[in-house]
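# A closer look at the structure
As a plain string of letters, each chain reads:
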Amino acid sequence: MPAASHPVQHHFWAIFAVFLRLGLTSFGGPIAHLGYFRQEFVYKRQWLSEQAYAELLALCQFLPGPASSQVGIAIGLQRGGAAGALAAWLGFTLPSALALFCFALYLHDLSNSFGSNWLHGLKVLAVAVVAQAILGMGKTLCPDIPRKTLAFVVCLILLWLPGAGWQLLAIGLGALAGKFILTLPPLKNDSTPLQAVISKPLAGLLLLTFFLLLLLLPVLANLFHQPALWLFDSFYRSGALVFGGGHVVLPLLEAELVPDMVSQDTFLAGYGAAQAVPGPLFTFSAFLGAFAVPNHSPWLGALIALSAIFLPAFILVLGVLPFWSELRKRHGVRQALSGVNAAVVGVLLAAFIQPVLSSAILSMQDLLLALLSFALLQFTRIPPYLLVLLCAVAAGLGWH
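Residues numbered from 1 in each chain as written. Predicted model: local features only at pLDDT ≥ 70, side-chain atom pairs only at ≥ 80, totals over all residues. Heavy atoms only, no water.

Attention shifts here to the overall build of the protein chain. Scanning the protein chain from terminus to terminus reveals 17 helices and zero strands. Taken against the 2.2 N^0.38 rule, which gives 21 Å for 400 residues, the C-alpha radius of gyration of the protein chain at 21 Å falls within 12% of a compact globule. In terms of principal-axis extent, the alpha carbons of the protein chain reach across some 60 × 50 × 50 Å. When burial is assessed residue by residue, the protein chain has 52% of its 400 residues classed as buried. Accessible area of the protein chain: about 17,500 Å², with a carbon and sulfur share of 69%. Each charge sign in the protein chain was given a centre, from 18 positive and 13 negative side chains, and these centres are 13 Å apart. (Helix = DSSP H or I, 4+ residues; strand = E, 2+ residues; numbered from the N terminus. Rg over C-alpha atoms; globule rule 2.2 N^0.38 Å. Buried < 20%, exposed > 50% of the residue type's maximum accessible area, 1.4 Å probe, protein only. Areas by Shrake-Rupley, 256 points an atom, 1.4 Å probe, with all protein chains shown as cover. Lys, Arg positive; Asp, Glu negative; His and termini not counted. Charge placed at Lys NZ, Arg CZ, Asp CG, Glu CD.)

This is the structure:
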């Protein structure tokens, strides 16, 4: 196993260039992204050791937010400080964000030119993508009967009581259940090779800022009734409360935006299109932001949504890292997080049933196309953009 070189400060543009290449080529979702990062930064460049990379994974899976983007931010932070973290995020995020924003700009023209049937194909693809995410997350996050039961109970609650508020309560229920019901094995290694980079007082200030924004933004949005402020609040809360991976942002954003700002058909079509681009799934926010603020520039809406949904990831990585060596040893914290992770599987399962499945599968042909897409995702290495093209063309030719 290669040993990491001694930590050095890398230039902003050097870090940006490395992550830009990854942002242009990293297809396959969060798990694949983490594999690309490991190959690039542990084996090829030796920026950090295998143990340090494993600790970054554990830290970012502990935090809410997009795990692969947070790992990238943390690697940039370790190598170039706060500027390095920004460079890593920009490089990895810009390609897919720009692609999805352009898709939003020309969605209406494409529908007029080719008809609306092809959009239905993207909704069918969303069924396969979410089904695969549930299967993979279920195996990892719900490995035993108590956690499977917790996920199932959360799913039933949200099917009965849909909405963003009930989703948050369900996640809180998962934390309580994990703390008082679940049992976990003790940690095998009590040390961490990560560098804190910033001081604990500054980290504490960042964590305070995270919670103040989470509490005050909804109040300010309701008080001033500004569309841009409302949009920032919606996407900040979604980014701050996503546990378990990028796919879990689907139910949170759906509860926030549909149908008031974005139609359900457009929402699911954009989610399907997001599977065709490399980079983080959270750049779906650029697509949604382009639609979400009527009578405002789509550029402004996309920029607000994109920055707001990723801001919690930045704050939490920088704020928690100095405390991570102590926090990771707390058994109760690990239990609560395990319960939260099981609960988010239930949140995603409820979203899969309603609205993803119920709005996309309208015929036997839709079901067959969804099953074919799932099989190709699960058992082959077909490039994601080809699968998107397959579903769009199949639906566009009237096969639904």
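For the bond running from Val258 to Pro259, omega is 0°, close enough to zero to count as cis. One can find Pro259 in the loop between helix 10 (249-257) and helix 11 (264-273). Phi is positive for Gln46, which is not a glycine, with a value near 55°.

Moving on to the nonpolar core. If you look at the biggest cluster of nonpolar residues, it comprises 131 residues, and the most contacted ones within it are Phe19, Phe37, Phe41, Leu122, Phe235, Phe267 and Leu288. No other element matches helix 4 (residues 67-114), which puts 16 residues into this core. The residues touching Phe235, leaving out its near neighbours within four places in the chain, are Leu253, Leu257, Ser285, Leu288, Gly289, Ala305, Ala308 and Ile309. (Core = buried A, V, L, I, M, F, W, Y, C linked by side-chain atoms within 4.5 Å. Contact = heavy atoms within 4.5 Å.)

What follows concerns the side chain of Gln70. As for its position among the elements, Gln70 is in helix 4. Gln70 gets classed as buried once you look at its relative accessible area, which sits at 0%.

It is worth spelling out the packing of helix 10 against helix 15 (residues 331-360) at this point. The interhelical angle for the contact between helix 10 and helix 15, taken along N-to-C directions, is 55°, at an axis separation of 8 Å. By the angle between their directions, the pair helix 10 and helix 15 is classed as oblique. The way helix 10 lies across helix 15 gives a crossing that is left-handed. Where helix 10 approaches helix 15, its residues Leu250, Pro251 and Glu254 are matched on the opposing element by Val347, Leu348, Ala351, Pro355 and Val356. (Axes fitted to C-alpha atoms, helices over the stretch in contact; angles between N-to-C directions. Parallel < 35°, antiparallel > 145°, perpendicular 65-115°, else oblique. Left-handed = near helix turned anticlockwise from the far one by under 90°.)

What follows covers the environment of Ser238. Among the secondary structure elements, Ser238 is positioned in helix 9 (residues 227-240). Separated by 15 residues in sequence, Ser238 and Leu253 have C-alpha atoms that sit 6.5 Å apart. With residues up to four places along the chain from it excluded, the contact list for Ser238 reads Val249, Leu252, Leu253 and Glu256.

Before going further, it helps to examine the packing of aromatic side chains. Applying the stated criterion across every chain yields a total of 19 aromatic pairs. Here Phe19 and Phe37 contribute two aromatic rings whose centre-to-centre distance is 5.8 Å and whose plane-to-plane angle is 70°, an arrangement assigned as edge-to-face. Highlighted residues: Phe19 in helix 1 (residues 12-25) and Phe37 in helix 2 (residues 30-44), separated in sequence by 18 residues. The exposure class of Phe19 is buried, given its relative accessible area of 0%. On the basis of relative accessibility, which here comes to 0%, the residue Phe37 falls in the buried class. (Phe/Tyr/Trp six-rings, centres within 6.5 Å; stacked < 30°, edge-to-face > 60°.)

In contact at an axis separation of 8 Å, helix 9 and helix 13 (residues 298-320) are set at 35° when each is read in the N-to-C sense. Crossing handedness for the pair helix 9 and helix 13: right-handed. Residues Ala228, Leu231, Phe232, Phe235, Tyr236, Gly239 and Ala240 of helix 9 touch helix 13, and the partners they reach there are Gly301, Ile304, Ala305, Ser307, Ala308, Ile309, Leu311, Pro312 and Ile315. Of the residues contributing to the contact of helix 9 with helix 13, the split by class is 13 nonpolar, three polar and no charged. (Nonpolar A, V, L, I, M, F, W, Y, C, P; charged D, E, K, R; others polar.)

This part is about helix 3 (residues 50-62). Taking 1.5 Å of rise per residue, 13 residues should cover 18 Å, and helix 3 covers 18 Å from first to last C-alpha, within 8% of that figure. Those residues of helix 3 lying buried are Glu50, Ala52, Tyr53, Glu55, Leu56, Leu59, Cys60 and Phe62. (Expected span 1.5 Å × (residues − 1).)

Here the focus is the pattern of salt bridges. Applying the stated rule across the entire model yields nine salt bridges. Lys44 is paired through a salt bridge with Glu40; the nearest N and O atoms lie 4.0 Å apart. Here Lys44 pairs with Glu40, and both are found in helix 2, just four residues apart, close to one helical turn. Judged by its relative accessible area of 55%, Lys44 is exposed. Within the structure, one salt-bridge network assembled from shared partners comprises Arg21, Glu40, Lys44 and Arg45. (Salt bridge = Lys/Arg side-chain N within 4 Å of Asp/Glu carboxyl O.)

Quick look at the confidence of the model for the protein chain now. Summary statistics for the protein chain give a mean pLDDT of 85 and a share of 93% for residues scoring 70 or more. Of the regions scoring below 50 in pLDDT, residues 1-8 engages in 17 contacts with residues more than four places distant in sequence or in other chains. (pLDDT = per-residue confidence, 0-100.)

In this section: the side chain of Ser285. Here Ser285 is to be found in helix 12 (residues 284-292). We classify Ser285 as buried; its relative accessible area is 0%. Discounting residues that sit within four places of it in the chain, Ser285 has contacts with Phe235, Ala305, Leu306 and Ile309.

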